Amino acid sequence: MPSVPNSDELIFFVNGRKVIEKNADPEVRLLFYLRKCLRLTGTKYGCGGGGCGACTVMVSRYNPKTKKIHHYPATACLVPICSLHGAAVTTVEGIGSIQTRIHPVQERLAKCHGTQCGFCSPGMVMSIYTLLRNHPEPTPEQITEAIGGNLCRCTGYRPIVESGKTFCAESTVCQMKGSGKCCMDQEERSSVNRWEKMCTKLYNEDEFQPLDPSQEPIFPPELIRMAEDPNKKRLTFQGKKMTWITPVTLNDLLELKVNFPKAPLVMGNTTLGPNFTFRDEFHPVLISPLGLPELHFEKTTDDGVTIGAGYSLAQLNDALHFIVSDQPKEKTKTFRALLKHLRTLAGAQIRNLATLGGHVVSRPDFSDLNPILAAGNAIINLTFKEGERQIPLNGPFLERAPEADLKSEEIVSSVYIPYSTQWHFVSGLRLAQRQENAFAIVNAGMSVKFEDGTNTIKDLQMFYGSVGPTVVSASRTCRQLIGRQWDDQMLSDACRLVLEEIYIPPTAEGGMVEYRRALIISLLFKFYLKVRRGLNKMDPQKFPDIPEKFMSALNDFPIETPQGLQMFQCVDPYQPPQDPVGHPVMHQSAIKHTTGEAVYCDDIPPVDQELFLAVVTSSRAHAKIISIDASEALAFPGVVDVITAEDVPGDNNYKGEVFYAQNEVICVGQIVCTVAAHTYAQAREAAKRVKIAYEDIEPRIITIEQALEHNSFLSVEKKIEQGDVDHAFKYVDQIIEGEVHVEGQEHFYMETQTILAIPKEEDKEMVLHLGTQFPTHVQEYTAAALNIPRNRVACHMRRAGGAFGGKVTKPALLGAISAVAANKTGHPIRFVLERGDDMLITAGRHPLLGKYKVGFMNNGVIKAADVEYYVNGGCTPDESEMVVEFIVLKSENAYHIPNFRCRGRPCKTNLPSNTAFRGFGFPQSTVVVETYITAVASQCNLLPEEVKEINMYKRINKTAYKQTFNPEPLRRCWKECLEKSSFYARKAAAEEFNKKNYWKKRGLAVIPMKYTIGIPQAYYNQAAALVHIYLDGSVLVTHGGCELGQGLHTKMIQVASRELNIPQSYIHLSETSTVTVPNAVFTAGSMGTDINGKAVQNACQILMARLQPIIRKNPKGKWEDWVAKAFEESISLSTTGYFKGYQTYMDWEKEEGNPYPYFVYGAACSEVEVDCLTGAHKLLRTDIFMDAAFSINPALDIGQIEGAFIQGMGLYTIEELKYSPEGVLYSRSPDDYKIPTVTEIPEEFYVTLVRSRNPIAIYSSKGLGEAGMFLGTSVFFAIYDAVSAARRERGLTKTFTFNSPATPELIRMTCVDQFTDMIPRDDPSTFTPWSIHVS
Ligand SMILES: Cc1cc2nc3c(=O)[nH]c(=O)nc-3n(C[C@H](O)[C@H](O)[C@H](O)COP(=O)(O)OP(=O)(O)OC[C@H]3O[C@@H](n4cnc5c(N)ncnc54)[C@H](O)[C@@H]3O)c2cc1C
Ligand code: FES
Ligand code: FES
């Protein structure tokens, strides 16, 4: 290999500041550089692979040819800094800040309540900002498209879209679809009495600053000069291990290809980048011809269009749009097929980075474009030093046949896409777990050419993606069909032949084998229909149209911009204007979130001598550790130490939780040791070099079924029984029995678990900064691990970038792990879990198996139910016992069943230990309840809603565990939901739709909910606060609750403001800490506001009582005067406040108690449409009615309800964890675990807060953090309803099993038809599948 010269200077701009890197390292990505080198921490790490959008920045480049500046969004985690020479980068800090001036995008996202935890917010801001730089008056569709690559786990996207829509030309924030009225005019909708008045205005648009594009920073003139420099020369950046070369001309590039034949071309780095990061790919030399003008062109000829390989997919999209609008329809069929897939391929950031050449050459098996390009007879043009040549894409190239591949010195210079012709049809078809930004489960490109004027096949091509290791051509099938007529017989033969030709083995990687087989022919059928319709349009006389009932099969679901309305109680007009309680006050940190100034744990500046920690985790589910050989890791440059169980000075096994594995491992993902090094890259590399020898131990238990076989449990059974169940079964008309499986869920908080552990030299103190829901627990475990008293451990928690239960117990384990490392090395330890490690190690929601036996009368009255629940708790106790208790107590839901027995038990398995997750078992178990209700309805020929109504609690009653309650708000939510959603009318309309459509079906479901907040153990309901008044009148409030995005601190400020009667601006709330409020309980169970609010209120009332004599003496005085006077009179201006807690209890012996302080009620109605051929579904509309009693802050409460609902919808539909039979979690990134994106949320989304009374809680409010989660089942059961309609039409009238999640796979395979009947089935006893269900 020839030697490479020394490094050139890398020059680019960040936020208008010139950056000159003399030693640019090709391995360094922009995200790292911004955060660690420039200390711009607004840009966040969420996944490192381009899949979450948290790191979105704007990149701007000047094109000397067009003299235009091109702005585009990019995921900084994939952008190598060396690719930025001559570019300007704008980060969230660059567009506005609280110090200077906030940008309208930042302001509106905050004020529209589009930020909760705020971790996704800088990325959202930058996606919308970049769109506005290119389109100052965007359409609503452009807004939705712009944020399609940005994940948010908190908000449910509706307010984010709404903030974006405020920039649209037409007044789009008005959401009253079709009503002609504006939602903003809805205030005071009723004048019956002042408590009935409903408001809809969650923010005030009049406050928004206008967007003034002329105020945006200018593109640095120096970069224009650089771009126009005629004497540009080749650039070389020499890193420690890699060399980066940027050629300046095509010849230069070709020369380099000869000199460095093995060097890849780095274009968008969207394939190479993830390969470097996650698959350990390495290349010593990289060639980056990204800006070469010879690769950036489009040329139109009479036959087609040639597009330069350097075009990004976004540029390709623009070019194709232009051609489609410019050329006759018949010529652009391939282009239109490509455009359809380009809309959903990844997110906008990736489409702007990835290039056409990179896409074609990297040939991923899931490629969305290659099958269409191949079917459209596209050709790639290759250039090399000696000449040029072409490769047809419909040849063996896509299947990676070595003889058809590029030679090492060749590059792709362009792709030629011919026009289609009159008797020629081209289509792209695809199905993914999620509509947008998800790799296809199966996709296809198909084309057929007919003899002119006939339906005789002259040429047929079919290419499939994701059915094998490469894109696969069904060439044999196609050949055999030449000369055939395009008719049903041909279709039937084609399906048979293609299934013979493309065989997916039962053990195939990726699983879903039968589903993928079904998709192969279902997509073919769709193509068949499209072509028949096309032929009919060309000659209706000759070619009959497809049946009317089949029409809706032709199109995929459109991507609509969501809209909706939120209604809540107006504030009493007599309430003093300064009192913020009841107002939709913006999240206290919202502006800091959107400007990137909010500090999360890893944003804390480096601490002197800090080290980074990387984990080594077990690769076996159950094994003896024979040896740990860390010698190679220890010898790795930069490594300071390797930490194992032996280094734990205190308890390594504390309350059943093991910190570092010792002697044996009990799950894949258990931490065996950690490596501390000067950089994270060193720690990570060294961690790979630790060698652990294992010896498997039997049994290895992965599933609930296996646990039951081995009698493997984490605790004893919990049971509740009322009436005489066995006796009642003897007198019922009918009995049904069944089983329901509900799979688990990953929290997918956007900020992965992060800890900064700082050892203090004095007195063995340990200070931890982390995002947790339970600092006391972290303190306890750390003290135990270090064998020091708890008063030496200080935990500081400012905010968490989402938690959802995942940061209740796990931070204690990880805190102890880091503290042990800090203790051993004597250095501060920074421990940021990579997304993949986080998903693997910290586990999530408990998978559940429910078995039921239900006895009922023919009129739908349920007389008896006997239900058993088992959850997969994983390998250690964690909170599994409590989860089961909650399940047993709560799962009766809203129904009164006089003879009711419910039992539950957590199973011990060799999976990572499952933990708390929003709703704590309730969302899983009630699927079982709703399932048997639905089954009863089916047996009685009633609607499920009728059976629900019949069996619902109607008046003051006792639960099965004998707690008295009044279900009046439940009835009200239910009634309003049925009425306001026009359920019965829409149900009838859906039935009408279903009669007319064979392949698409609509379904509706209404779900009632009776939920409880809090914890049966009374001591978990206590809280304390500390309030200081300073002499300038400012107030510092501290309490034991944690700010996780839910807006707890905001509500606490509202409480303090009311109690102290001072403006909110006087009050500050900084962090939660074990130093200020000791022994605080976890912030979970929807009770953060309840208990901490009471404590803050108590403290404020104590202070006000002290000030009262002074106020009485000087009633006209100001707050500051009273405070000063109090000081003069030696009155303490500081106090703690305390709330003893709700006096809850549960007696499991007697099976009765008062375990929960109160109930939250609600109801939701959802309507979906399913595509029976693919299993895709579209959520058309959701109406939620939630009993909020009196909402302290309707914006925050609605945010919680919407966010929880979307998270629940994810749980019940698209979120699917995949485990190997050996217990390895496969789904460890946003690429293979799909949480909802903006395209999944309801097209119409209505939320109403229903008023009730709840005198027990602060200001008569209710805790709403979790309740919305379960209402996501309305989507699940609406899907069930739609699938039932499909099955009924196909003659299948019996009740069927429908487990959660209702993935496209489940939906498709349950909509049985001639295609599912055709596919080969495998005998499950003859093979080991790639993945298994663990519920
Ligand atoms: C988060 C994410 C989501 C995605 N989602 C989808 C999806 O839904 N559907 C889909 O189809 N794809 C998807 N992709 C894949 C994406 O389309 C490809 O990664 C991309 O097109 C590759 O282009 P690139 O310019 O980034 O290639 P690079 O990563 O820069 O290069 C890839 C390879 O191509 C070679 N190469 C590049 N250009 C040339 C050239 N001109 N001549 C010769 N060799 C060349 C390089 O040597 C290298 O080996 C996704 C990727 C990511 C990161
Ligand atoms: S961190 Fe870059 S996309 Fe997730
Ligand atoms: S606000 Fe979007 S992830 Fe938390």
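For the structure itself, look to the data block above.
Attention in this report is confined to the structure presented alongside it. (Residues numbered from 1 in each chain as written. Chains lettered and ligands numbered in written order. Predicted model: local features only at pLDDT ≥ 70, side-chain atom pairs only at ≥ 80, totals over all residues. Heavy atoms only, no water.)

Contact pair helix α23 (residues 775–786) / helix α24 (residues 810–825): the axes reach a minimum separation of 8 Å and the direction vectors enclose 40 degrees. Relative to α24, α23 is oriented oblique. Both α23 and α24 take part in a crossing whose hand is right-handed. Contacts between α23 and α24 involve His777, Val778, Tyr781, Thr782, Ala785 and Leu786 from the former and Pro811, Ala812, Leu813, Gly815, Ala816, Ala819, Val820 and Asn823 from the latter. Class assignment for the residues of the contact of α23 with α24 results in 10 nonpolar, four polar and no charged. (Axes fitted to C-alpha atoms, helices over the stretch in contact; angles between N-to-C directions. Helix = DSSP H or I, 4+ residues; strand = E, 2+ residues; numbered from the N terminus. Parallel < 35°, antiparallel > 145°, perpendicular 65-115°, else oblique. Left-handed = near helix turned anticlockwise from the far one by under 90°. Contact = heavy atoms within 4.5 Å. Nonpolar A, V, L, I, M, F, W, Y, C, P; charged D, E, K, R; others polar.)

Looking now at the site of ligand 1. By nearness alone, 32 residues border ligand 1, and Met267, Thr270, Thr271, Thr355 and Asp368 come closest of all. One nitrogen or oxygen atom from the side chain of threonine 355 is found 2.6 Å from an oxygen atom belonging to ligand 1. Between an oxygen atom of ligand 1 and a side-chain N or O atom of histidine 359, the distance comes to 2.9 Å. Taken by itself ligand 1 offers 980 Å² of open surface, and the protein chains cover 94% of this. With four residues, the single largest contributor to the shell around ligand 1 is helix α13 (residues 356–362). (Near = heavy atom within 4 Å. Polar contact = N/O pair within 3.5 Å; in protein donor to acceptor, adjacent residues only side chain to side chain. Areas by Shrake-Rupley, 256 points an atom, 1.4 Å probe, with all protein chains shown as cover.)

Turning our attention to the nonpolar core. If you look at the biggest cluster of nonpolar residues, it comprises 264 residues, and the most contacted ones within it are Tyr464, Trp486, Tyr932 and Trp1119. No other element matches helix α17 (residues 513–538), which puts 14 residues into this core. Those residues in contact with tryptophan 486 that lie beyond four places of it in its chain are Val448, Phe450, Asn455, Ile457, Leu460, Phe527, Tyr528, Val531, Arg532 and Leu535. Ranked by size, the runner-up nonpolar core spans 74 residues in total, among them Phe237, Leu373, Ala375 and Val471. (Core = buried A, V, L, I, M, F, W, Y, C linked by side-chain atoms within 4.5 Å. Buried < 20%, exposed > 50% of the residue type's maximum accessible area, 1.4 Å probe, protein only.)

In this section: the pairing of strand β34 (residues 848–856). Burial runs high along β34: seven of the nine residues are buried. Pairing between strand β29 (residues 734–742) and β34: nine bridges, direction antiparallel. By the bridge assignment for β34, glutamine 734 is matched with phenylalanine 856. In terms of strand pairing, β34 meets strand β35 (residues 862–874) through nine bridges, oriented antiparallel. From the neighbouring strand, glycine 855 faces β35, where its bridge partner is alanine 864. Counting the residues that bridge the hairpin from β34 to β35 gives five residues, and of these glycine 860 lies at a positive phi of roughly 95 degrees. (Pairing = 2+ DSSP bridges.)

Take the sheet that holds strand β25 (residues 664–665) next. Here we have three strands laid out as an open sheet, ordered β25-β21-β27, and antiparallel in their pairing. Here the strands that pair on one side only, and so sit at the sheet edges, are β25 and β27 (691–696). Bridging between strand β21 (residues 623–629) and β25 involves two bridges; their strand directions are antiparallel. Bridge pairing in β25 places alanine 623 opposite valine 665.

Right, let's get into a negative patch on the surface. Together, Glu761, Glu762, Asp763 and Glu765 line one region of the surface with negative charge. Following the sequence through the fold, glutamate 762 ends up in the loop between β30 (754–759) and β31 (766–770). On the basis of relative accessible area, glutamate 762 is assigned to the exposed category, the value being 60%. (Patch = residues over 30% accessible without salt bridge, like charges linked within 9 Å, V, L, I, M, F, W, Y side chains within 5 Å. Salt bridge = Lys/Arg side-chain N within 4 Å of Asp/Glu carboxyl O. Lys, Arg positive; Asp, Glu negative; His and termini not counted. Charge placed at Lys NZ, Arg CZ, Asp CG, Glu CD.)

Right, let's get into helix α1 (residues 30–37). Taken as a whole, α1 has its buried residues at Leu30, Leu31, Tyr33, Leu34 and Arg35. Directly after α1, the chain includes arginine 39, whose backbone phi takes a positive value near 60 degrees.

Turning to the pattern of salt bridges, a few remarks are in order. Evaluation of the coordinates by the stated rule reveals 78 salt bridges. Two residues, lysine 655 and glutamate 780, come together in a salt bridge whose shortest N-O distance is 2.5 Å. With lysine 655 in the loop between β23 (653–654) and β24 (657–658) and glutamate 780 in helix α23, this pair connects stretches of sequence that are 125 residues apart. For glutamate 780, a relative accessible area of 10% corresponds to the buried category. A salt bridge links arginine 972 to glutamate 968, with the shortest nitrogen-to-oxygen separation between them at 2.8 Å. Of this pair, arginine 972 and glutamate 968 both sit in helix α29 (residues 968–980), separated by four residues, roughly a single helical turn. Put simply, Arg35, Lys36, Lys44, Asp602, Asp603, Glu610 and Arg830 are held in one network by salt bridges that share partners.

Attention now moves to the state of the cysteines. Counted by the stated rule, this structure contains one disulfide. The cysteine cysteine 82 is free of any disulfide, with cysteine 37 supplying the nearest cysteine sulfur at 12 Å. (Disulfide = S-S within 2.5 Å.)

Enumeration according to the criterion identifies 15 cavities of 30 Å³ or more in this entry. Its volume calculated, the largest cavity comes out at about 540 Å³. In terms of lining, the largest cavity is formed by 40 residues, of which the most central are Gln1046, Ala1084, Ser1086, Gln1200 and Gly1265. Every element with two or more residues in the lining of the largest cavity is listed here: α31 (1048–1060), α32 (1088–1113) and α34 (1194–1212). At three residues, α32 tops the list of elements feeding residues into the lining of the largest cavity. Taken as a whole, the second largest cavity encloses approximately 240 Å³ of empty space. As for the second largest cavity, its lining consists of 17 residues, of which Val658, Gln670, Ile671, Leu813 and Ile841 are closest to the centre. Looking at the lining of the second largest cavity, the elements that each hand over two or more residues are β24, α24 and α25 (835–842). Its residues assigned to classes, the lining of the second largest cavity comprises 10 nonpolar, five polar and two charged. (1 Å grid on protein atoms, 1.4 Å probe; cavity = no way out; pocket = protein on both sides within 12 Å on 5 of 7 lines; lining within 4 Å. Points joined across faces, edges and corners; volume = space filled by probe spheres on them.)

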